[in-house]
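# Descriptive analysis of the structure
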Amino acid sequence: MPETDDFQGALNAARYSHYFQRVLASRPELHEALAGEFRRPYHRDEMDNALPARFADEAALKAALRDLRQRVMTRVMLRDLAGLADLDEVCTSITALAELTCARAQAAHEQWLTERYGEPLGADSGLPQRLMIVGMGKLGGGELNVSSDIDLIFVYPEEGETRGPKVLSNHEFFTQLGRRIIAALHEVNEHGYVFRVDMRLRPYGQDGPLATSLGALEEYLITQGRAWERYAWLKGRVLTGDRAEELYALVRPFVFRKYLDYGAYAALRDLHRQIREEVARRDRRHDIKLGPGGIREIEFIVQVFQLIRGGREPLLQERSTRAMIDRLAARGLLNSEAAGELRAAYHFLRQLEHRLQYRDDQQTQLLPTNADDLAALAGSMSLASTAQLEAAVHTHREAVARHFEAAMGSGPEDRPADPLRGVWEGSAEDEASRERLEGMGYDDPVAVLDRLRRVRESGRYQQLPLASRERFDQIAPRLIAVAAETSDPQATCERLLNLLEAVARRSAYLALLIEQPALLPRVAQMVASSIWAAEYLTRHPILLDEMLDQRLLFAAPDYRQWQSQLANELTAQQGDAERQMDILRHFQHAQSFRLLAQDLTGQLQLEKLADHLSALADLILQATLDQCWSYLPVRHVARPRFAIIAYGKLGGKELGYASDLDLIFLFDDPDDAAPERYARLAQRLNTWISSTTAAGQLYETDLRLRPNGESGLLVSSVEAFRRYQQQEAWVWEHQALTRARFCAGDPTIGDAFEHLREEVLCLARDPAALAREVVGMRQKMAEGHPNPSTLFDLKHDPGGMVDLEFIVQYLVLAHSRAHPELVRNLGNIALLLRAGELGLAPKALTQPAADYYRYLRRMQHGLRLNGARHARLPPAGQEKLRANVTELWQAVLGAERGRLAEFG
């Protein structure tokens, strides 16, 4: 494909892939991510950074790995089809994805099993044992296909047993671990799969033990190893574990003989014959991998030289086919013409293979027979016509077949057979079912039936224990019925299916949904009310527990009970920082979910909801601060003389479910080491709050409002903060101070901050100069948030929320000296009304403005609950209310309002 760095051009190229289009349609956020990332390859470090450090449970692990796969696959496809990535990059990226996901799946399940059974120890050495995952085939060679399965073998160092409350033999431990790794990668759920896993290359094949010790592997290779297994182990590469060299030491003599081993010819020829017979039987002549002159024949050419000479010439033990062609040419074992043709054929066929697999994310190497598909395939290869594609395929395969015959002593077998047409699996063929769903209010019955079919055929469903599958079968029809009782049956059904699949492996949750018939309708109503709520519940299905007791779910928040419960849970895990971080996250999720349930059922006004969410954040911050201080290696006082100051949404007690926290940190401590010590505390605190663990994240944080912004110190002494606010701070920093408050830490410092805040806000100011500064900052903010749509942006457009917030900030700064009551952090609505009562603004304007601000906040909240990226509405019907805001602005700030015309 001709290279293009134009994103739209790249998207046009990627439309060849149905899979790519499906993923972007279901996950619009990837479109934006790709726009900013498509120019760079997807390296392993970036993949690793995209995953949490730990996973809360198996469902979280699976979801994260499948999310990563979609991100990697879409970027790789986009770059490749747009001509930005070569074959090396594609293979390297997909191989890195497989290596990383194998490692992360192993690490997670290894930890969970160890927590249950203890650490496996070697019987002879007494040392801890770790599983080695061996990648075979193209994974071992670092040349994995985009939609390939992965061939794995599980090996552990020594026999022995675990050291824990429930003892397992090492064999039992690593067998369980292997099964869980396979499930983490192989199972298909609503997010798809990561990699199909093929374990048939292990000793004794599919009848053999899933995991094998080094000793047992060595005995097997010596006494039972077959010729074809030498070929398989050529590419064997250890991906995980810490005893790789020991494994290589016993495998190497099996694969590579000390002498020139011409017996490899017969073994490979026999293997090739079996492949050819299977190709002929299934009439797969158009298979560019296994058919005559295909990829497998190139690999055989390379590997026969390796098996024959590799024991004597270590340079020929290279696992990569591409690298080996070059080494064979350099060694003179392939002439330059043969090497050139094989290199070109391998590159072309692998690129063609990738495009076949890009189409629908299927592991296929079959050329399509449909004319339209062939034409699309040709275009994806930058060929002008189907004829050019067929000619190129023929040329390359003919060259490979010729060189294979020369290398192996026989030509490709010719067993022609009429090609078989693929059977297209029909979906939604049951007319009665379609009519029934349509009558129930489903907009697209065919799509629903197809979705249900995919669920039934999924690996996750098929592999459920019989009892769980029977429960699933009971729930699914009810799911369709309760979804039909909501305002949007189609969307609700999809959201409920996502949730059901997420909990399917947990039989207790399936039983719960059956035994508590009222629960599923509750869940349906919740997910129908908010896509954000549906996604939140699916990410954290443990929260279903919160819906069992309606009394508790809808009970008014009890802050003292919150504090006591969290303190008890944290104390029980003292010393385990990672566990405590997860406890904080689970607690925050559970309380937020209860508030969400009350919010969606109309039991909480938005202002009260924001109060509760803000109080929850305050409690979390205090608990996190206490734990972080306890982990500092040197503490000169029992409790830190340190305070957290909240600005913005948290400062004004207007926090939303996904709001970030604007924070600054203050201390008041004469100890010489205090600045450095509290800086470390602040860094640790920020990490605990904002990092993602297996349980998720607490909050995003923004620390830029501290003195001197990002260039300033992370923590400030109270006195330094006072000097800065009185002598150096900009007017906009004083505006921000109007919504600041002490929220956690030392109350004495909190009192000092509140006194300082009052002093600063009550400073004498020139109203006209202040108005110019406020309007200037409003203009800068408007320029930073352009609205290219024709819709009204509730927050940033003129006449919206920011205008009203700036009016309040101006009134506080201009009049607090004469009216100190304005410094109280009462919220924008209360301050607007109070300003009207004091005659600082026309009362006839402040009341409707306050009501409008409340309305805008509610609309913004509702839009975000339903997945809107921007809080925007059609402008019709808003004109009069916006005009009221404009009139209030003019009344409060005078002629300076005119400057807003430049961005209004």
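Note that the structure is predicted; figures quoted are calculated from it, not measured. (Residues numbered from 1 in each chain as written. Predicted model: local features only at pLDDT ≥ 70, side-chain atom pairs only at ≥ 80, totals over all residues. Heavy atoms only, no water.)

Let us look at the overall build of the protein chain. Counting secondary structure elements, the protein chain contains 39 helices and 14 strands. Taking the principal axes of the C-alpha coordinates as reference, the protein chain spans close to 100 × 65 × 60 Å. A total of 904 residues make up the protein chain; the buried ones form 54% of that total. A total of about 39200 Å² of accessible surface is found on the protein chain, and carbon and sulfur atoms cover 50% of it. Here the protein chain holds 110 positive side-chain charges and 126 negative ones, and the gap between their average locations is 1 Å. (Helix = DSSP H or I, 4+ residues; strand = E, 2+ residues; numbered from the N terminus. Buried < 20%, exposed > 50% of the residue type's maximum accessible area, 1.4 Å probe, protein only. Areas by Shrake-Rupley, 256 points an atom, 1.4 Å probe, with all protein chains shown as cover. Lys, Arg positive; Asp, Glu negative; His and termini not counted. Charge placed at Lys NZ, Arg CZ, Asp CG, Glu CD.)

The N-to-C vectors of helix α22 (residues 489-503) and helix α25 (residues 531-539) enclose an angle of 10°; their axes lie 9 Å apart at closest approach. By the angle between their directions, the pair α22 and α25 is classed as roughly parallel. Every residue of α25 that contacts α22 at Arg495, Asn498, Leu499 and Ala502 is listed here: Ile531, Ala534, Leu537 and Thr538. The class makeup of the residues in the contact of α22 with α25 is five nonpolar, two polar and one charged. (Axes fitted to C-alpha atoms, helices over the stretch in contact; angles between N-to-C directions. Parallel < 35°, antiparallel > 145°, perpendicular 65-115°, else oblique. Contact = heavy atoms within 4.5 Å. Nonpolar A, V, L, I, M, F, W, Y, C, P; charged D, E, K, R; others polar.)

What follows concerns unusual backbone geometry. In most cases, non-glycine residues show a negative phi, while peptide bonds are predominantly trans. Unusually for a residue other than glycine, Asp361 sits at a positive phi of about 55°. Tracing the backbone shows Asp361 in the loop between α15 (336-360) and α16 (371-380).

What follows deals with the side chain of Arg460. Considering the arrangement of structural elements, one finds Arg460 in helix α20 (residues 459-462). Residues contacting Arg460, with those up to four places away along its chain left out, are Lys62, Glu187, Val188, Asn189, Glu190, Glu501, Ala502, Ala504 and Arg505.

The final tally for this structure, using the stated rule, is 16 aromatic pairs. Ring geometry for Trp629 versus Tyr678: centroids 5.9 Å apart, planes at 20°, classification stacked. Placement of the pair is Trp629 in helix α29 (residues 606-631) and Tyr678 in helix α31 (residues 674-690), with a sequence separation of 49 residues. Taking the relative accessible area as the measure of exposure, Trp629 reaches 4% and is therefore buried. You can call Tyr678 buried: its relative accessible area is 0%. Ring centres of Phe642 and Phe665 lie 5.6 Å apart, and the angle between their planes is 25°; on these two criteria the pair is classed as stacked. Pair noted here: Phe642 is in strand β8 (residues 642-647) and Phe665 is in strand β9 (residues 661-667), with a separation of 23 residues, a long-range link. Classification of Phe642 by relative accessible area gives buried; the value is 0%. Looking at Arg75, its charged tip hangs above the ring of Tyr42, at a distance of 3.8 Å from the centre. Here the guanidinium or amino end of Arg469 rests over the ring plane of Tyr461, the centre of that ring lying 5.5 Å away. (Phe/Tyr/Trp six-rings, centres within 6.5 Å; stacked < 30°, edge-to-face > 60°. Lys NZ or Arg CZ within 6 Å of the ring centre and 35° of its normal.)

Moving on: the nonpolar core. A general tendency of soluble globular proteins is for nonpolar side chains to be buried together. Among the nonpolar cores identified, the biggest contains 127 residues, and Ile150, Phe154, Trp233 and Leu247 are the most heavily contacted of them. Here the element with the most residues in this core is helix α6 (residues 87-117); it accounts for 12 residues. Beyond its immediate sequence surroundings of up to four residues, Phe154 is in contact with Leu131, Met132, Ile133, Gly178, Ile181, Ile182, Met199, Leu210, Ala211 and Thr212. Counting 90 residues, the second largest nonpolar core, distinct from the first, contains Leu437, Ala504, Leu513 and Val523. (Core = buried A, V, L, I, M, F, W, Y, C linked by side-chain atoms within 4.5 Å.)

Relative to the elements of secondary structure, Asp270 occurs in helix α12 (residues 263-281). The exposure class assigned to Asp270 is partly exposed, which follows from its relative accessible area of 32%.

Now for helix α28 (residues 577-600). Given 3.6 residues per turn, any residue in an α-helix points the same way as the ones three and four places further on. With 24 residues, α28 should reach 34 Å at 1.5 Å per residue; the first-to-last C-alpha distance of 34 Å fits that figure. Burial analysis of α28 places 18 of its 24 residues in the buried class, which makes it a mostly covered element. One or two positions beyond α28, positive phi appears at Gly602, with a value near 75°. (Expected span 1.5 Å × (residues − 1).)

This part takes up a negative patch on the surface. Negative charge collects at one region of the surface, where Asp430, Glu431, Glu435 and Glu438 lie side by side. Mapped onto the fold, Glu435 is located in helix α18 (residues 431-439). (Patch = residues over 30% accessible without salt bridge, like charges linked within 9 Å, V, L, I, M, F, W, Y side chains within 5 Å. Salt bridge = Lys/Arg side-chain N within 4 Å of Asp/Glu carboxyl O.)

With that settled, consider the confidence of the model for the protein chain. Taken over all residues, the pLDDT of the protein chain has a mean of 88, while the share at 70 or more is 93%. Between the elements of the protein chain, mean pLDDT differs from a low of 66, seen in α12, to a high of 98, seen in strand β2 (residues 132-135). Across residues 410-428, where pLDDT falls below 50, the model places 34 contacts with residues more than four positions away in sequence or in other chains. Segment residues 896-904: pLDDT under 50, and 22 contacts once partners within four positions in sequence are set aside and those in other chains are kept. (pLDDT = per-residue confidence, 0-100.)

Spanning 15 residues, helix α39 (residues 879-893) covers 21 Å between terminal C-alpha atoms, matching the ideal 21 Å at 1.5 Å per step. Of the positions making up α39, those classed as buried are Asn884, Val885, Leu888, Trp889, Val892 and Leu893. Each buried residue of α39 lies within a common arc of 140° when the element is viewed along its axis, so the set occupies one face. Turning to α39, the residues buried within the fold contact α35 (767-784), α36 (801-815), α37 (828-837) and α38 (843-865). Backbone geometry just downstream of α39 places Gly894 in the positive-phi region, at approximately 70°. (Arc of directions from axis to C-beta.)

Time to look at the pattern of salt bridges. Overall, the coordinates contain 54 salt bridges when judged by the stated rule. Between Glu46 and Arg40 there is a salt bridge; the shortest N-O distance is 3.0 Å. Glu759 is paired through a salt bridge with Arg722; the nearest N and O atoms lie 3.1 Å apart. On the criterion of sequence distance, the pair formed by Glu759 in helix α34 (residues 747-761) and Arg722 in helix α32 (residues 718-728) is long-range, its members being 37 residues apart. Taking relative accessible area as the criterion, Glu759 reaches 38% and is therefore assigned partly exposed. The structure contains a network of salt bridges with shared partners spanning Arg27, Glu29, Asp67 and Arg71.

Attention shifts here to the pairing of β8. On a regular strand, one side chain projects to one face of the sheet and the next to the other, so that they alternate. Extensive coverage of β8 is indicated by the burial of six of its six residues. Alternating residues of β8 divide into Phe642, Ile644 and Ala646 and Ala643, Ile645 and Tyr647, and every residue in both groups is buried. By the bridge criterion, four bridges tie β8 to strand β12 (residues 741-745) in an arrangement that is antiparallel. Opposite Ile644, over in β12, you have Ala744 as the bridge partner. (Pairing = 2+ DSSP bridges.)

The full count for this structure, using the stated rule, is zero disulfides. No disulfide involves Cys102; its nearest neighbouring cysteine sulfur is the one of Cys91, lying 17 Å away. Given the relative accessible area of 0%, Cys102 is considered buried. (Disulfide = S-S within 2.5 Å.)

One can describe the packing of helix α21 (residues 466-484) onto helix α24 (residues 519-529) by two numbers: an axis separation of 10 Å at closest approach and a directional angle of 45°. Between α21 and α24, the interaxial angle falls into the category oblique. Crossing angle aside, the handedness with which α21 passes α24 is right-handed. The residues of α24 that touch α21, namely those facing Ile475, Arg478, Leu479 and Val482, are Leu520, Pro521 and Ala524. Here the residues of the contact of α21 with α24 sort into six nonpolar, no polar and one charged. (Left-handed = near helix turned anticlockwise from the far one by under 90°.)

In this section: the environment of Thr790. Note on placement: Thr790 falls in the loop between α35 and β13 (792-793). Sequence separation of Thr790 and Pro875 is 85 residues, and the distance between their C-alpha atoms is 7.9 Å.

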